[in-house]
Each structure stands twice: as C-alpha cells, then as structure tokens.
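Examining the three-dimensional arrangement
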Amino acid sequence: MGKTIFITGASAGLGKATAILFQSRGWNVIATMRNPEKESQLDKLENVTVLRLDVTDPSQIASAVEQSIALGKVDVVFNNAGYGLMGALETLTDEQVVRQVNTNLLGVIRVTQAFIQHFRQSGGGVFLSTTSMGGLLTFPMHSIYHATKFAVEGWSEGMSFELGIHNILIKTIAPGGISTEFLGRSLDRTRTEDYRKLEDPLFALMDKMMDAAAAPLEIAKIVYEAATDGKDQIRYVAGADANAMYNRRLEIGSEESRKEIRKMILG
Ligand SMILES: NC(=O)c1ccc[n+]([C@@H]2O[C@H](COP(=O)([O-])OP(=O)(O)OC[C@H]3O[C@@H](n4cnc5c(N)ncnc54)[C@H](OP(=O)(O)O)[C@@H]3O)[C@@H](O)[C@H]2O)c1
C-alpha cells in the first residue's frame, strides 16, 4: 500500500496538479473539492478518491475526514484551498472579509485540527498549507488576503512545537505567481476610483509578474519535496519570483522592503 495524501481545493490549479503528481508517483490521493460532480479527470485515475469538501463548512470537514480515515492511514494533509480578495478595506463588505478569513485561515485550522488525533494514533504525519509570498511580504490593496496568509505562516510555526512532540511535521509552501485561475475566477475584486492611483500600477505589476508565473507542476514538485524530505523545516518558498522577493526582504529588512515595494508601485 502506497502512502496517502488528502488535498483541499483539488478541483483546479495547484491542488489538481499536486493530486496528479502524487498519483503518478504511486500515492493514494484523496482529492477534495466543493463540487465533485463537476470533476471529470481525477475521478478516472487509479488510487484517487474524490470527496466533497467546502472548507468553510465544519460539518463537511468532519464528514470528509471521517470518510478518509475509514479508507486507511492518511500520511499527508495538504491545505491548499484558497482564493484572493482584493480591494481597499473601506470598500469591502463584512461578508467578503468573513468569507476570506473562513476559507484561507479557519478552513486550514479546522481541517488540521480534525486530523491531529489520527496522526497521533498512527504514529505521525505531515501537514502542509499553501500560503503565498503574500504571507511573507505585502502589496497594496490585498490587506485581508495578507492577513490570512501571514496568519497561516505564524500559526504553522506556532503549531510546530505541539505537533513536534508527536512526530508530526507542519510546513508551508509559499509560492509567487502560479499560472492558474487565481487571478481569474478565484479573485474577489472590488475597485473604486479613490484608489486608482494604487490599483492601476499594481495591476500592471501583477500582469508583468504573472507573465513569469511558475507552472503548477513546478510548485507541486516543491509540495512533494516538503511532504517527503522528513526535514524539520517550516517554510518552502516556491518559485524564482517568490525567492527573489523574499531574499531581498531578508537582505534589506522589512521596513526597507515595504518602502521599496511602495516605490515600485507609486514611483
Ligand atoms: N496562483 C497564484 O498566483 C498563487 C500565488 C500564491 C499563492 N496561491 C495560493 O495557491 C492556492 C491554490 O490556488 P490556485 O492558484 O491553484 O488557484 P485556483 O486554480 O483558482 O484554485 C483554487 C482552488 O481553491 C478552491 N476553493 C476555493 N474556495 C474553497 C472552499 N471554500 N472550499 C474548498 N475549496 C475551495 C477552488 O475550488 P472551486 O473549483 O470549487 O472554486 C480551487 O480548487 C490558494 O491557497 C492561493 O491562495 C496562488
């Protein structure tokens, strides 16, 4: 019996690429998604089980985790589901803010919590979460997205102590641009005239960055490395752009990095 990975947000992008990569390397894959009835690729692959999971719904989390454990030992849990929220805070509704936090942060915390006992009983495991270079540095107009991704970074580091004593690893994958549907259907975006001064150059910069975006498979390979290298390492910065920007921040410090990014946008 091969090892098993449980993935959230496996219907598209990085989640799907990761499901296909692990399957091709002999793993059992539990590919979870909001609308399994729409899936027409993963459900045809051997050793892939497709389950329903909207990570904002605690009862679906309980049910998906229970069904997964019933199939056998789960070795790796990959919290990948997420989307972007863009807009000045004063223009966002409370509903938009709550949905972003529920998906990108509470979804990760709840899915992880639901698997801890199983990992303890089966002697260990690995938790992985997709954060972003936006969990390590910031751009304008994405404050709530950053709040969730910085939170997952800090939370993962904090969790490493209590999980470590049970032989459980917890890690983050922090990618830069990935050529997925993230800036298309996965972006909840509110625009206003009042912030055009920031938004226009920001979008020009993001378009430029997406031209050099990594293929999902490239990032999925880093997920594989994090899942299998056994290293006591929290953070896997993924992609040339994310590494260049994060290294620059470490080199000049967070205050100078923020000023440099502001200059990049506002001139
Ligand atoms: N693409 C980038 O440039 C980039 C950069 C840095 C970090 N990331 C992160 O990478 C992760 C994956 O995004 P992606 O780039 O692969 O984008 P994507 O192709 O749009 O995939 C996003 C996935 O998340 C799922 N999802 C959204 N809300 C969900 C919910 N409530 N419950 C369950 N699944 C949900 C989507 O499912 P549906 O099909 O049901 O909508 C989809 O499977 C996200 O956490 C994102 O923040 C992306």
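Notes on the structure in this doc start here. (Residues numbered from 1 in each chain as written. Predicted model: local features only at pLDDT ≥ 70, side-chain atom pairs only at ≥ 80, totals over all residues. Heavy atoms only, no water.)

1. Description of the overall build of the protein chain
Of regular secondary structure, the protein chain possesses eight helices and nine strands. The C-alpha atoms of the protein chain give a radius of gyration of 18 Å, which matches the 18 Å a tight globule of 267 residues would have. Along the longest, intermediate and shortest principal axes, the C-alpha atoms of the protein chain span 55 × 40 × 30 Å. Within the protein chain, buried positions represent 50% of all 267 residues. Sequence-distant contacts, at least 24 apart, represent 68% of the contacts inside the protein chain between residues at least 6 apart. Accessible surface, the protein chain: about 12,600 Å² in total, of which carbon and sulfur atoms supply 51%. Distance between charge centres in the protein chain, computed from 28 positive and 31 negative side chains, equals 2 Å. (Helix = DSSP H or I, 4+ residues; strand = E, 2+ residues; numbered from the N terminus. Rg over C-alpha atoms; globule rule 2.2 N^0.38 Å. Buried < 20%, exposed > 50% of the residue type's maximum accessible area, 1.4 Å probe, protein only. Contact = heavy atoms within 4.5 Å. Areas by Shrake-Rupley, 256 points an atom, 1.4 Å probe, with all protein chains shown as cover. Lys, Arg positive; Asp, Glu negative; His and termini not counted. Charge placed at Lys NZ, Arg CZ, Asp CG, Glu CD.)

2. Side note on helix α2 (residues 58-71)
The terminal C-alpha atoms of α2, which comprises 14 residues, lie 20 Å apart, in line with the 20 Å expected from a rise of 1.5 Å per residue. Among the residues of α2, those classed as buried are Ile61, Ala64, Val65 and Ser68. Buried residues of α2 fall within an arc of 100° about the axis and therefore sit on the same side. In α2, those exposed residues whose orientation departs by more than 90 degrees from the buried face are Ser59, Glu66 and Ala70. Buried-residue contacts for α2 involve β1 (4-7), β2 (28-33), β3 (48-52) and α3 (94-121). (Expected span 1.5 Å × (residues − 1). Arc of directions from axis to C-beta.)

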